[in-house]
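Results of the structural survey
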Amino acid sequence: MKENKSILDLQNFNLHINEHHILKDIDISFYRKKVTAIMGPSGCGKSTLIRSMNRLNDLIPGVKFGGQMHLYKKNLLEMNPILVRRKVGMVFQRPNPFPTMSIYDNVLAGYYLNGIKLSKQEKEQIVMDSLQKAALWDEVKDNLHRKGTFLSGGQQQRLCIARALAMNPKILLLDEPTSALDPKATAKIEELIIELKTKVTIIMVTHNIGQASRISDLTAFLYLGELIEYDRTETIFTNQKHTRTEEYLTRKFG
Amino acid sequence: MIKAQTLQSRLIQDAFFKMAMGVLSSLLMLPLIFILFYIFSHGISAFSWEFFTQLPKPVGEMGGGVSNAIIGSLLLILISALVAIPLGVFIGVYLSESRQGRIPEITRLCIDTLQGIPSIVMGIIAYTWIVMPLGSFSVLSGGIALALMMLPIVTKSTEETLKLIPDSLKEAAFALGAPYHTTILKVILPSGKSGIISGILLGIARVSGETAPLLFTAFGNPFMSVNIFKSANSLPLLIFNYATSPYQDWQRLAWGASLLLVLFVLSLSILAKVVVKK
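This is a predicted model, so every value here is computed, not measured.

Helix and strand content of chain A: eleven helices and ten strands. For a compact globule of 254 residues, the expected C-alpha radius of gyration is about 18 Å, and chain A comes in at 18 Å, within 12% of that figure. Dimensions of chain A, computed from C-alpha atoms along their principal axes, come out at roughly 55 × 40 × 35 Å. Residue burial in chain A is summarised as follows: out of 254 residues, 44% are buried.

Right, let's talk about the overall build of chain B for a bit. For chain B, the helix and strand inventory stands at eleven helices and zero strands. Listing every helix and strand of chain B by position from the N terminus yields α-α-α-α-α-α-α-α-α-α-α. Relative to its length of 278 residues, chain B is extended, with a C-alpha radius of gyration of 24 Å against a globular reference of 19 Å. In terms of overall dimensions, chain B has C-alpha extents of about 80 × 60 × 30 Å along its principal axes. When the 278 residues of chain B are sorted by exposure, 39% land in the buried category. Intrachain contacts of chain B at a sequence separation of at least 6 include 73% that bridge at least 24 residues.

Residues and elements named next belong to chain A. Spatially, six strands are ordered S6-S7-S8-S3-S9-S10 in an open sheet, and the strand pairing comes out mixed. Every other strand in the sheet has two partners, leaving strand S6 (88-91) and strand S10 (226-232) as the edge strands with one partner each. Going across the sheet, the axis of each strand differs from the next one's by a mean of 20°, ignoring polarity. Pairing analysis gives four bridges linking S6 to strand S7 (residues 171-175), with the strands arranged parallel. Bridge assignment links Val91 to a residue of S7, and that residue is Leu174. Sheet contacts for helix H7 (residues 153-165): S6 and S7; angle to S6, the most-contacted strand, approximately 170°.

This part covers helix H8 (residues 180-191) of chain B. Residues and elements named next belong to chain B. An ideal rise of 1.5 Å per residue puts 16 Å on twelve residues; H8 measures up with 15 Å between its terminal C-alpha atoms. Considered for burial, the residues of H8 that qualify are Val187, Ile188 and Ser191. Summarising the axial view, the buried residues of H8 lie within an arc of 85°, below the 170-degree limit, and thus occupy one face. Taken together, the buried residues of H8 touch helix H6 (139-163) and helix H7 (167-175).

Our focus in this paragraph is the environment of Arg158(A). Residues and elements named next belong to chain A. For Arg158, the location among the structural elements is in helix H7. Each C-alpha atom, one on Arg158 and one on Ala134, is 5.7 Å from the other, the two residues being 24 residues apart in sequence. Excluding its chain neighbours within four sequence positions, the residues that come into contact with Arg158 are Ala134, Ala135, Leu136, Ile189 and Leu192.

Before going further, it helps to examine the nonpolar core. Grouped together as the largest cluster of nonpolar side chains are 135 residues, with contacts concentrated most on Ile38(A), Ala162(A), Leu173(A), Ile203(A), Met150(B), Leu238(B) and Ala257(B). The leading source of residues in this core is H6(B), at 13 residues. If near-sequence neighbours (up to four positions away) are discounted, Ala162(A) is found in contact with Val107(A), Ser130(A), Leu131(A), Lys133(A), Ala134(A) and Leu136(A).

In this section: the confidence of the model for chain B. Scored by pLDDT, chain B has a mean of 91; 99% of the residues are at 70 or more. Two summary scores accompany this predicted model of the complex, namely pTM at 0.85 and ipTM at 0.89.

Before going further, it helps to examine the interface of chain A and chain B. Counting residues at the interface gives 19 residues for chain A, matched by 16 residues for chain B. Those elements that place two or more of their residues in the side of chain A that touches chain B are helix H2 (81-87), S6 and helix H4 (109-113) of chain A. Of the residues that constitute the side of chain A that touches chain B, the class distribution is ten nonpolar, six polar and three charged.

With that settled, the discussion passes to the pairing of strand S4 (residues 63-71) of chain A. All names here are of chain A. Examined bridge by bridge, strand S1 (residues 6-17) and S4 share eight bridges and lie antiparallel to one another. Pairing of Leu15 across the sheet is with Phe65, part of S4. Here S4 pairs with strand S5 (residues 74-75) via two bridges, running antiparallel. Bridge pairing links His70 to Asn75 in S5. Joining the antiparallel neighbours S4 and S5 is a turn of two residues, in which Tyr72 adopts a positive phi near 50°.

Residue and element names in this part refer to chain B. Contact pair helix H3 (residues 67-97) / helix H9 (residues 193-208): the axes reach a minimum separation of 10 Å and the direction vectors enclose 140°. Regarding the angle of H3 to H9, the classification is oblique. Between H3 and H9 lies a crossing of right-handed hand. Taking contact as the criterion, the partners of Ser73, Ile77, Ser80, Ala81, Ala84, Ile85 and Val89 in H3 are, on H9, Ile196, Ile200, Gly203, Ile204, Val207 and Ser208. For the contact of H3 with H9, a count of residues per class yields nine nonpolar, four polar and no charged.

In this section: the sheet that holds strand S2 (residues 20-31) of chain A. Residues and elements named next belong to chain A. Across the sheet, four strands lie side by side as S2-S1-S4-S5; this open sheet has antiparallel pairing. Taken across any chain shown, the strands that pair with only one partner, and hence form the sheet edges, are S2 and S5. Bridge count for S1 against S2 is eight bridges, and the pairing is antiparallel. The residue bridging Leu15 from the neighbouring strand is Leu23, located in S2.

What counts, and where the lines are drawn
- Residues numbered from 1 in each chain as written.
- Chains lettered and ligands numbered in written order.
- Predicted model: local features only at pLDDT ≥ 70, side-chain atom pairs only at ≥ 80, totals over all residues.
- Helix = DSSP H or I, 4+ residues; strand = E, 2+ residues; numbered from the N terminus.
- Rg over C-alpha atoms; globule rule 2.2 N^0.38 Å.
- Buried ≥ 20, exposed ≤ 12 C-beta atoms within 10 Å, placed from the backbone.
- Contact = placed C-beta atoms within 7 Å.
- Pairing = 2+ DSSP bridges.
- Axes fitted to C-alpha atoms, helices over the stretch in contact; angles between N-to-C directions.
- Expected span 1.5 Å × (residues − 1).
- Arc of directions from axis to C-beta.
- Core = buried A, V, L, I, M, F, W, Y, C linked by C-beta atoms within 7 Å.
- pLDDT = per-residue confidence, 0-100.
- Nonpolar A, V, L, I, M, F, W, Y, C, P; charged D, E, K, R; others polar.
- Parallel < 35°, antiparallel > 145°, perpendicular 65-115°, else oblique.
- Left-handed = near helix turned anticlockwise from the far one by under 90°.

What follows is the structure, given as structure tokens:
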């Protein structure tokens with residue numbers, strides 16, 4: 001795992017919500033321009049972990065976290081969450097384009113909501129680039145000013161990816177991005193993720209073991225808030241070191 | 001297996017139930033249709049160019065209109081809307097954002113209580129707050145009394161509308177680095193726009209026919225007045241005064257004013273429905 005530089009390093013990361021210890025002493029490094037999948041049974045803390053990386057957990061009442069999380073060399077836990085979220089984009093389980101905005105405005109929403117003024121030329125460029133990166137441009141280029149909610153579920157999800165990419169994030173977090181989509185739309189998103197890793201570091205949570213094996217370079221296995229195993233996907237799937245991992249992969253539980 | 005006969009009787013029961021619902025619902029429409037028809041047939045004869053443009057004439061003189069009452073009503077609605085809408089929308093946003101906790105709960109209780117207070121009490125409050133210190137009846141005090149009535153309607157509809165907006169939208173905005181206030185102003189409020197506007201329209205419709213709170217605030221005035229610190233006439237007050245008068249000519253004006261008011265409220269209600277559908 002030393003062939004590439006790490007971009008995000010967690011050391012001794014702990015998270016409590018009120019009295020519940022959700023994440024326990026997580027040590028993990030994520031590598032640049034790789035797809036890392038986080039797997040584990042329901043309730044193991046996968047989503048909480050990924051939401052810590054853009055400080056979205058700050059919104060939960062009673063949340064406390066400790067340890068360190070370095071984005072490059074800066075401790076992300078001490079940065080202003082608003083700045084963190086501009087560097088670390090996120091796509092959610094259910095597609096959530098803004099219903100009041102057109103496709104065009106949805107892509108630019110990050111700029112609009114942060115009060116960043118752009119010239120018309122810059123806007124057009126960003127919209128085109130982002131939609132092309134999200135493999136949606138050809139399907140929507142003639143309907144850019146229609147509402148984003150008119151699109152199909154899979155298209156909406158790609159619009160959300162374009163919206164996140166428009167901010168030029170260093171890392172893209174995907175929280176079970178295909179669990180609400182049909183197989184065809186899922187395949188399209190998976191293709192897109194493989195393409196995108198040349199441009200951005202991707203960390204994704206997935207329930208789908210097959211999906212992790214198809215598209216991720218590295219896989220982490222989380223169980224009851226602890227990081228059980230983390231290695232190249234190949235190794236995890238063929239030569240795992242822990243029985244828990246094996247049992248999960250062979251569907252004995254979870 | 002269900003026997004064929006029981007199935008048959010069930011189907012009949014079903015049909016009967018559906019029919020009963022339909023009949024009862026149509027019965028509900030009867031009073032409204034009756035009121036509309038009655039007011040229309042009496043009021044439409046009062047409508048004329050003079051009705052909308054002239055002042056009321058003294059007793060004995062023919063003709064005259066209700067222009068001062070129309071202007072007065074519009075002024076009252078304007079003032080109450082200016083006070084109640086921003087306040088109501090903000091309180092509604094606050095309540096939908098903070099669902100638990102002591103302050104939201106107390107606020108919610110206050111809003112519910114405010115909604116239940118008789119309208120004449122609102123008039124007394126506005127009288128003691130504004131009329132007494134300023135020393136005269138005024139449009140301002142009437143507007144405040146109406147605003148107190150409109151406030152709970154706007155607050156409630158805003159809260160209810162915003163509660164229905166999925167949290168995922170808020171998350172989407174936060175994940176893009178949007179600060180809290182822009183998330184509310186540029187994502188959450190626009191998403192609930194139609195519901196909020198319809199609540200505002202219904203609030204306006206509700207207060208535009210109120211008479212009791214105006215009796216000792218806006219008071220009434222036979223002349224044209226656009227000074228908000230002076231008394232002025234309004235449609236409900238004019239109806240109240242003229243309908244109880246013994247003069248046929250004045251009663252005719254009261255019918256006309258009633259029709260105007262009903263048409264105004266009706267169109268606001270229809271507009272509110274249209275806005276929601278959009």
